Amino acid sequence: MEMLKKACDGLSKIREKSPLVHHITNYVSVNDCANITLAIGASPVMSDEIEDILDLIKIANSLVLNIGTLNKRTVESMIYLGKEANKLNIPVVLDPVGAGATKLRTGTSLKILQEVKVRVLRGNMSEIKSLLGLSGNTKGVDSTEKMDDAEDVAILAAKKFNCTVGISGEVDVISDGERVVKVFNGNSILTRVTGTGCMVTSLTGCFLGAGCDGLTSSTAAYLIMGLAGERAYKESGDNIGTFKVRLFDEIFNINEDRLKEGGKVEEC
Ligand SMILES: Nc1ncnc2c1ncn2[C@@H]1O[C@H](COP(=O)(O)OP(=O)(O)O)[C@@H](O)[C@H]1O
Ligand SMILES: Cc1ncsc1CCOP(=O)(O)O
Ligand SMILES: [Mg+2]
């Protein structure tokens, strides 16, 4: 089945099942991640306290780990809960926010990848390259890297970490180590709103929670954010506040027809 069709099927499944997506995430974009999860048709829950999360994970359909505002206690919770999710066969997506900017962020991401079976690793080019030891430069949480070798980097990372890897950029590149998919939708204004990457990670969690495989989940999440971004920009132009509101409107109203009409996905 072609990717666009798989993304459409995944979207229907989200709306049928409304999966519960447990997040341990950062305090910058946490509210936007909860709202994007609701907008696409899933249910979010955000919690990092060990006593609380051990009960919550039993009813969750997927787990989002995002190290954006990591601290010792939340990292411990992420690894603990990641392992519990693995035992329960609940898929895990990791966003290594800011890996490459500090030793703590790179080291923590690598530790999670070593101790938890991660289904999808989603980040920008600087973050993914730094995890491969290919570059150490992330400007805080933003990428400084070109996307020229994105295909090779995605394949390499997918093989090294034994998961699907989704790298964001003008063209998003996703690989499970064998196949490579590219998503051409998007608008550069998405990089001027904080948390759009985190929100793609949450959307990935929604697709995983609906039962989609890693490659489909990562592709569908990028496709939806990219297409919604394009459509929102047509309404808002450079009015960035309006753009953000329109982005949520577009994600809430995305459907199979819009995806089929506007989705630009290529499997290489
Ligand atoms: N130059 C660009 N043109 C169009 N869309 C982009 C561009 N860069 C990133 N995006 C999109 O913006 C969203 C967030 O990506 P990005 O900013 O790279 O992630 P992060 O916020 O984790 O650094 C993704 O949907 C991605 O496809
Ligand atoms: C600005 C910032 N600082 C710590 S987490 C965070 C949000 C990062 O979100 P994204 O990677 O989606 O831009
Ligand atoms: Mg990010």
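By convention here, each chain's residues receive numbers from 1 onward along its written sequence. Each chain takes a letter, starting from A, and each ligand takes a number, starting from 1, following the order in which they are written. This being a predicted model, a pLDDT of at least 70 is required before a residue's local features are given, and a value of 80 or more before pairs of side-chain atoms are given or counted; all residues contribute to the totals for chains, interfaces and linings. Only hydrogens and water are set aside; all other atoms, that is, all heavy atoms of the structure, feed into the side-chain values.

Under an unreviewed UniProt entry, the name given to the protein chain is Hydroxyethylthiazole kinase, and the organism recorded is Caloramator mitchellensis. UniProt positions are given in the numbering used here, feature names are shortened, and annotations may be inferred rather than shown by experiment. According to the UniProt record, the Cofactor (unreviewed entry) comment for the protein chain is "Mg(2+)". Annotation of the protein chain in UniProt includes, under Function (unreviewed entry), the sentence "Catalyzes the phosphorylation of the hydroxyl group of 4-methyl-5-beta-hydroxyethylthiazole (THZ)."

A. Representation of the environment of Lys-5 in the model. Relative to the helices and strands, Lys-5 resides in helix α1 (residues 3–17). Distance from Lys-5 to Ala-220, taken between C-alpha atoms, is 9.8 Å for residues 215 residues apart in sequence. Secondary structure elements follow DSSP: runs of H or I of four or more residues count as helices, runs of E of two or more count as strands, with numbering from the N terminus.

B. Quick look at the sheet that holds strand β5 (residues 120–124). Pairs of strands are assigned from DSSP output, requiring at least two bridges between the strands. In spatial order, the strands read β2-β1-β3-β4-β5-β8-β9-β10-β11; together these 9 strands make up an open sheet with mixed pairing. Only two strands of the sheet have a single neighbouring strand rather than two, namely β2 (43–46) and β11 (265–267). Shown here is a sheet whose adjacent strand axes are inclined to one another by a mean of 20°, direction ignored. For strand β4 (residues 92–95) and β5, the ladder comprises 2 bridges, and the chain directions are parallel. Paired with Val-93 across the bridge in β5 is Val-120. Note on definitions: angles span 0 to 180 degrees between N-to-C directions of axes, and those axes are lines fitted to C-alpha atoms, for helices only across the stretch in contact.

C. Broad picture of the site of ligand 1. We define proximity as follows: a residue is near a molecule or strand when any one of its heavy atoms falls within 4 Å of that partner. Taken together, 16 residues lie near ligand 1, and Arg-122, Asn-124, Ser-168, Asp-172 and Thr-191 sit nearest. Between ligand 1 and Gly-169, the relevant distance is 3.4 Å, taken from an oxygen atom to a main-chain nitrogen or oxygen of the residue. Any pair of N or O atoms that falls within 3.5 Å is considered a polar contact. Within protein, one atom must be able to donate a hydrogen and the other to accept it, and sequence-neighbouring residues count only if both atoms are side-chain atoms. In this structure, Asp-172 approaches ligand 1 through a side-chain N or O atom, which is 2.6 Å from an oxygen atom. In the complex, 85% of the free accessible area of ligand 1, which totals 550 Å², lies under the protein chains. Here the term cavity refers to a set of points on a 1 Å grid, laid over the protein atoms alone, in which a 1.4 Å probe fits but cannot get out; the term pocket refers to an open set having protein on both sides within 12 Å along at least five of seven lines, with lining residues being those that place an atom within 4 Å of a point. In this scheme, a molecule is assigned to a cavity or pocket if more than half of its atoms are within 2 Å of the grid points. A molecule is said to occupy a pocket when more than half its atoms come within 2 Å of that pocket's grid points, and by this definition ligand 1 occupies the largest pocket. Computed by Shrake-Rupley with a 1.4 Å probe, the accessible areas treat only the displayed protein chains as cover when residues are assessed.

D. Representation of the site of ligand 2 in the model. With respect to spatial proximity, the complete set of residues near ligand 2 consists of Asn-26, Val-28, Gly-68, Val-141, Thr-194, Gly-195, Thr-196, Gly-197 and Cys-198. A distance of 3.3 Å separates an oxygen atom of ligand 2 from a polar backbone atom of Gly-195. Here an oxygen atom of ligand 2 and a backbone polar atom of Cys-198 are 2.8 Å apart. Look at ligand 2: alone it shows 370 Å² of surface, and the protein chains cover 80% of it. Judged by its atoms lying within 2 Å of the grid points, ligand 2 is housed in the largest pocket. Partitioned by chemical class, the residues of the shell around ligand 2 number 3 nonpolar, 6 polar and no charged. The classification used treats Ala, Val, Leu, Ile, Met, Phe, Trp, Tyr, Cys and Pro as nonpolar, Asp, Glu, Lys and Arg as charged, and all other residues, Gly among them, as polar.

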